[in-house]
Amino acid sequence: HQVGSAAEIERGKVLYKANECAACHKIAGQGCEEGVSLDQIGKKRSFKFICQHLKDPDDHVSKNKEAFGGDPVNLMPALNLSENEIKLIAKYLQ
């Protein structure tokens, strides 16, 4: 579990919004229900798991089908984020 500073968490939140994650995901009633709800995702998934998913969603789903209900289909686009951006978003989601 990676705990970010208040500044890192805020930067992750800005990146979450800038990358339009809420177009498919919902947090605290804000966003879309098409994708998985991200409420409490940090309690369900490890920091490493979240980072791997943000880095390459297609590869991550194909390697972790059981974690995604056995469904090998990934609908999340690759966001082409830097390593730092991935970590900041993951810290926000944690």
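About the thresholds
- Residues numbered from 1 in each chain as written.
- Predicted model: local features only at pLDDT ≥ 70, side-chain atom pairs only at ≥ 80, totals over all residues.
- Heavy atoms only, no water.
- Helix = DSSP H or I, 4+ residues; strand = E, 2+ residues; numbered from the N terminus.
- Rg over C-alpha atoms; globule rule 2.2 N^0.38 Å.
- Buried < 20%, exposed > 50% of the residue type's maximum accessible area, 1.4 Å probe, protein only.
- Contact = heavy atoms within 4.5 Å.
- Lys, Arg positive; Asp, Glu negative; His and termini not counted.
- Charge placed at Lys NZ, Arg CZ, Asp CG, Glu CD.
- Salt bridge = Lys/Arg side-chain N within 4 Å of Asp/Glu carboxyl O.
- Core = buried A, V, L, I, M, F, W, Y, C linked by side-chain atoms within 4.5 Å.
- Phe/Tyr/Trp six-rings, centres within 6.5 Å; stacked < 30°, edge-to-face > 60°.
- Lys NZ or Arg CZ within 6 Å of the ring centre and 35° of its normal.
- Axes fitted to C-alpha atoms, helices over the stretch in contact; angles between N-to-C directions.
- Parallel < 35°, antiparallel > 145°, perpendicular 65-115°, else oblique.
- Left-handed = near helix turned anticlockwise from the far one by under 90°.
- Nonpolar A, V, L, I, M, F, W, Y, C, P; charged D, E, K, R; others polar.

Caption draft 1: Highlighting the overall build of the protein chain. Counting its regular elements, the protein chain contains 5 helices and 2 strands. Along the protein chain, helices (α) and strands (β) appear in the sequence α-β-β-α-α-α-α when read from the amino end. Taken against the 2.2 N^0.38 rule, which gives 12 Å for 94 residues, the C-alpha radius of gyration of the protein chain at 12 Å falls within 12% of a compact globule. With the principal axes as the frame, the protein chain shows a C-alpha extent of 35 × 25 × 25 Å. Taking all 94 residues of the protein chain together, 34% fall into the buried category. Across the protein chain, contacts joining residues at least 24 apart in sequence account for 47% of those joining residues at least 6 apart. The distance from the centre of the 13 positive side-chain charges to the centre of the 13 negative ones in the protein chain is 6 Å.

Caption draft 2: Local environment of the pattern of salt bridges. On inspection of all chains with the given rule, the structure shows 4 salt bridges. The partner of K26 in a salt bridge is E33, with the nearest N and O atoms 2.8 Å apart. Overall, E33 belongs to the exposed group, its relative accessible area being 62%. When the shortest N-O distance is used, the salt bridge between E83 and K55 registers 3.4 Å. Here E83, found in helix α5 (residues 83-93), pairs with K55, found in helix α3 (residues 47-55); they are 28 residues apart in sequence, far enough to count as distant.

Caption draft 3: Region of the structure containing the nonpolar core. The biggest cluster of nonpolar side chains holds 19 residues, and the ones touching the most others in it are Y16, I27, L38, I50, L54, I89 and L93. Among the secondary structure elements, those contributing two or more residues to this core are α1 (6-18), α3 and α5. Ranked by residues supplied to this core, first place goes to α5 with 6 residues.

Caption draft 4: Just the packing of aromatic side chains, in detail. Under the criterion given, the structure shown has 2 aromatic pairs. A cation over a ring is seen here: R45 above F68, with NZ or CZ 5.8 Å from the ring centre.

Caption draft 5: Looking closely at the packing of α3 against α5. At their nearest, the axes of α3 and α5 sit 9 Å apart, and the two run at 130° to each other. Regarding the angle of α3 to α5, the classification is oblique. Regarding α3 and α5, the two cross each other, and that crossing is right-handed. Mapping the contact onto sequence places F47, I50, C51, L54 and K55 in α3 and E83, I86, K87, I89, A90, K91 and L93 in α5. Its residues assigned to classes, the contact of α3 with α5 comprises 8 nonpolar, no polar and 4 charged.

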